[in-house]
Amino acid sequence: MNKKKTLVIGAGLMGITSAYELMLRGHEVTLVDELDSPASSASYANAGMLTPSMPEPWNGPGVYKNLIKSLFNADASMRLRWHAIPGLMDWGIKFLKYSSKPYFEKACRDNFYLTSFSLKKTQETAERLSLDYCRGKLGTLSIFRQAEDFLVKQSLYQSLNEMGMNCDILETDEIIHLVPALSEMKSEIYKGIHFHEDEFGDAHLFCCELLENFIDGGGEVKYGEVVSKINIKNEKLIGITTSNGLIESDNILVCAGAKSPIILGTANINLDVKPAKGYSATTEIQNLKELLPLPVLDDSMNIVFTPLGNRLRMVSTAEFAGYDNSIDKKRIEMMLESLNKILPRVFSRVNKDNILPWTGHRPMSCDGKPFIGESKIKGLYVNCGQGPLGWTLAMGSANLIADIITRKKPAIDPMLFSMNRLAK
Ligand SMILES: Cc1cc2nc3c(=O)[nH]c(=O)nc-3n(C[C@H](O)[C@H](O)[C@H](O)COP(=O)(O)OP(=O)(O)OC[C@H]3O[C@@H](n4cnc5c(N)ncnc54)[C@H](O)[C@@H]3O)c2cc1C
């Protein structure tokens, strides 16, 4: 019997994990990407955290105040740029609409189902295939300087606790015991939360290792092919046009990250996803885990420090600035200043001539949940919009979309993430 052909557009976290899961379910899969290497866009140098503990969308109640303030503050950690406003109008109105308390709380719960399922699938896959990606199993630590900030997070976590999320509230001595390098700022810390069930690891390495398994299993990858159009005739899916010509396929799965709406637009499909630019800086530090055994997230400074073997990755900021790829050196300097304030002993070991700056675009949906499912065109599917949680959600989203495409009963209710959920 002929295998069903599925073409996956985009070799980032969503594309590679989905291609792998479809191959396991017996499909003949071709993965196409415009770049020359895997996971080289938003999935390249993210903060590396696998956090079922952080399912909350960025558009929480009151987000509009922060966005308005950020127009006048170049240093804001979540920043809206004036020039980006015209391109954000329609999406932005929805982003604000879905920041209401009831929707926010429902989105947290829906995302939590998928994040916890996803972490299990990531663990199973990593263990079954012996993937090596600087995996850490000690959880993540959030530190708070103000009682108010801590109480806001605590009430959110109490509701997730009822759904099965476990965490420990830590006093300052316990925080220093867990992360010795925080001792210099002990007096500034109010409390911490240790999400001991979270994990961390290098998403790019994970993608490269999983891709090898995909290729060994018979999957095909085409690099350097820009997809310019989805071809549809009489409302029937035919294939795609790329910079190298036409490719026909029974199914097409769009996993092109923040650029997915551009590709889907050629089939007259609107996808409410916009890019949110983020920065990271990575540097080598010998014996890093003695000082920093797990990722530390400073809630008030909105910055994360993650140990990835002997590499330290610092991540902060989100800018709504369109598809701009330029690196603002000031953002990198600000991360180093924060490192000096929060973890001065780690900072003292940084070689300033050996820092890798990076920027990537989180594919942000307007309601804080990914779009996973079939579009209005039969055979045309989407797995996109995981925003700040794409590494955490990748394996779960891949299992969900692969079950939908192969008509198996998914472990997660597909209606929660369907493409037409906002149509009412
Ligand atoms: C600074 C930062 C920190 C983050 N930290 C975390 C974290 O700690 N934990 C977490 O869970 N998530 C994190 N994320 C989110 C996560 O990295 C993203 O959600 C995820 O990488 C998105 O994966 P993707 O496959 O959807 O998109 P991408 O990785 O961008 O992949 C899309 C692919 O499509 C290709 N493509 C696009 N257009 C075309 C075209 N026309 N033709 C052919 N190919 C095309 C691109 O080349 C690209 O390879 C972070 C993101 C950023 C930016």
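Owing to the predicted nature of the structure, the values given are computational and were not obtained by experimental measurement.

Engineer: It is not clear to me how the overall build of the protein should be interpreted in this structure. Could you clarify?
Structural biologist: Scanning the protein from N- to C-terminus turns up 12 helices and 20 strands. C-alpha extents for the protein along the principal axes are approximately 65 × 45 × 45 Å. Sequence-distant contacts, at least 24 apart, represent 78% of the contacts inside the protein between residues at least 6 apart.

Engineer: How do you make sense of the nonpolar core when you look at a structure like this?
Structural biologist: Side chains of a nonpolar character, in soluble globular proteins, are inclined to be buried together. In this structure, Ile 9, Ile 16, Ala 19, Ile 252, Leu 253, Val 254 and Ile 401 are the most contacted members of the largest nonpolar core, which totals 105 residues. Here the element with the most residues in this core is helix α12 (residues 390–405); it accounts for 10 residues. Phe 104, Ala 107, Cys 108 and Leu 160 belong to the second largest nonpolar core, which has five residues in total.

Engineer: Please explain the pairing of strand β10 (residues 227–233) as it appears in this structure.
Structural biologist: The side chains of a regular strand alternate, first on one face of the sheet and then on the other. Across six bridges, β10 lies against strand β11 (residues 236–242) in antiparallel orientation. Residue pairing across strands places Asn 231 opposite Gly 239, the latter belonging to β11. Between β10 and β11, which follow one another and run antiparallel, lie two residues, and Asn 234 among them has a positive phi close to 50 degrees.

Engineer: Even after reading the chapter, I still don't get the packing of helix α1 (residues 13–24) against helix α7 (residues 203–216), so can you show me in this structure?
Structural biologist: For any two helices packed against each other, the geometry is given by the interaxial angle and the distance between the axes. At a minimum axis separation of 10 Å, α1 and α7 run at an interaxial angle of 30 degrees. Viewed along their axes, α1 and α7 adopt a mutual orientation that is roughly parallel. Seen along the crossing, α1 lies across α7 with a hand that is left-handed. In this structure, α1 uses Leu 13, Ile 16, Thr 17, Ala 19, Tyr 20 and Met 23 to contact α7, whose residues at the interface are Ala 203, Cys 207, Leu 210, Leu 211, Asn 213 and Phe 214. Taken together, the residues that form the contact of α1 with α7 break down as 10 nonpolar, two polar and no charged.

Engineer: What exactly am I supposed to notice about the packing of α1 against α12 here?
Structural biologist: Running from N to C, α1 and α12 point in directions that differ by 40 degrees, and their axes come no closer than 8 Å. With respect to their mutual orientation, α1 and α12 come out oblique. Read as a crossing pair, α1 and α12 show a hand that is right-handed. Between α1, through Leu 13, Met 14, Thr 17, Ser 18, Tyr 20, Glu 21 and Leu 22, and α12, the contact on the second element is made entirely by Gly 390, Trp 391, Ala 394, Met 395, Ser 397, Ala 398, Asn 399, Ile 401, Ala 402 and Ile 405.

Engineer: Looking at this model, I keep getting lost on the environment of Ile 143. Mind explaining?
Structural biologist: Structurally, Ile 143 can be placed in strand β5 (residues 140–144). For Ile 143, a count of 26 C-beta atoms within 10 Å corresponds to the buried category. With sequence-adjacent residues up to four places away left out, Ile 143 is seen in contact with Ile 175, Ile 189, Gly 192, Val 296, Asp 298 and Asp 299.

Engineer: What should I look at first to understand the site of the ligand in this one?
Structural biologist: Within the structure, the ligand sits among 40 residues, and Gly 10, Gly 12, Gly 257, Gly 278 and Gly 390 are positioned closest to it. Listing elements by their share of the shell around the ligand, those giving two or more residues are α1, β14 (273–284), β18 (355–365) and α12. When its residues are assigned to classes, the shell around the ligand shows 20 nonpolar, 16 polar and four charged.

Engineer: Can you walk me through the environment of Trp 91 in this structure?
Structural biologist: With respect to the helices and strands, Trp 91 occurs in helix α3 (residues 85–97). C-beta crowding within 10 Å serves as the criterion here: with 19 such atoms nearby, Trp 91 is assigned to the partly exposed category.

Engineer: Help me understand the environment of Ile 401 in this model?
Structural biologist: Its place among the elements puts Ile 401 in helix α12. Residue Ile 401 is classed as buried on the basis of its C-beta count, with 29 C-beta atoms lying within 10 Å.

Engineer: What exactly am I supposed to notice about the sheet that holds β10 here?
Structural biologist: Hydrogen bonds along the backbone pair up the strands of a sheet, which may run parallel or antiparallel. One open sheet holds the three strands; their spatial order is β10-β11-β12, and the pairing between them is antiparallel. Two strands in the sheet have a free side with no partner beyond their single neighbour: β10 and β12 (245–248). This sheet shows a mean twist of 30 degrees between the axes of neighbouring strands, independent of strand direction.

Engineer: Help me out: how do you make sense of unusual backbone geometry in this one?
Structural biologist: Backbone geometry follows two general trends: most residues other than glycine have a negative phi, and most peptide bonds adopt the trans configuration. Despite not being glycine, Ala 39 shows a phi value in the positive range, around 45 degrees. Position of Ala 39 relative to the elements: it lies in the loop between β2 (28–32) and β3 (49–50). The backbone of Ser 130 sits at a positive phi, close to 50 degrees, despite the residue not being glycine. On the secondary structure map, Ser 130 appears in the loop between α4 (101–129) and β5. Ser 130 gets classed as exposed once you count the C-beta atoms within 10 Å, which come to 7.

Engineer: It is not clear to me how the sheet that holds strand β19 (residues 371–374) should be interpreted in this structure. Could you clarify?
Structural biologist: The six strands lie next to each other as β9-β2-β1-β13-β20-β19, forming an open sheet whose pairing is mixed. Unpaired on one side and paired on the other, β9 (220–222) and β19 mark the two borders of the sheet. Each neighbouring strand pair of the sheet contributes to a mean axis angle of 20 degrees, computed without reference to strand direction. Here four bridges tie β19 to strand β20 (residues 380–384), and the two strands are oriented antiparallel to one another. Bridge pairing in β20 links Gly 373 to Val 382. Together, β1 (5–9), β13 (251–254), β19 and β20 form the strand contacts of α12, whose direction differs from that of β19 by roughly 10 degrees.

Engineer: How should the pairing of β14 be read in this particular structure?
Structural biologist: Of all 12 residues that make up β14, 10 are buried, and the element is covered over most of its length. As defined by bridge partners, β14 adjoins β18 across 11 bridges and the pair is classed as antiparallel. When the bridges of β18 are listed, Pro 275 appears paired with Pro 363. Across seven bridges, the pairing between β14 and strand β17 (residues 311–320) is antiparallel.

What counts as what
- Residues numbered from 1 in each chain as written.
- Predicted model: local features only at pLDDT ≥ 70, side-chain atom pairs only at ≥ 80, totals over all residues.
- Helix = DSSP H or I, 4+ residues; strand = E, 2+ residues; numbered from the N terminus.
- Contact = placed C-beta atoms within 7 Å.
- Core = buried A, V, L, I, M, F, W, Y, C linked by C-beta atoms within 7 Å.
- Buried ≥ 20, exposed ≤ 12 C-beta atoms within 10 Å, placed from the backbone.
- Pairing = 2+ DSSP bridges.
- Axes fitted to C-alpha atoms, helices over the stretch in contact; angles between N-to-C directions.
- Parallel < 35°, antiparallel > 145°, perpendicular 65-115°, else oblique.
- Left-handed = near helix turned anticlockwise from the far one by under 90°.
- Nonpolar A, V, L, I, M, F, W, Y, C, P; charged D, E, K, R; others polar.
- Near = placed C-beta within 6 Å.

Function cannot be read off these values alone, since they describe shape.
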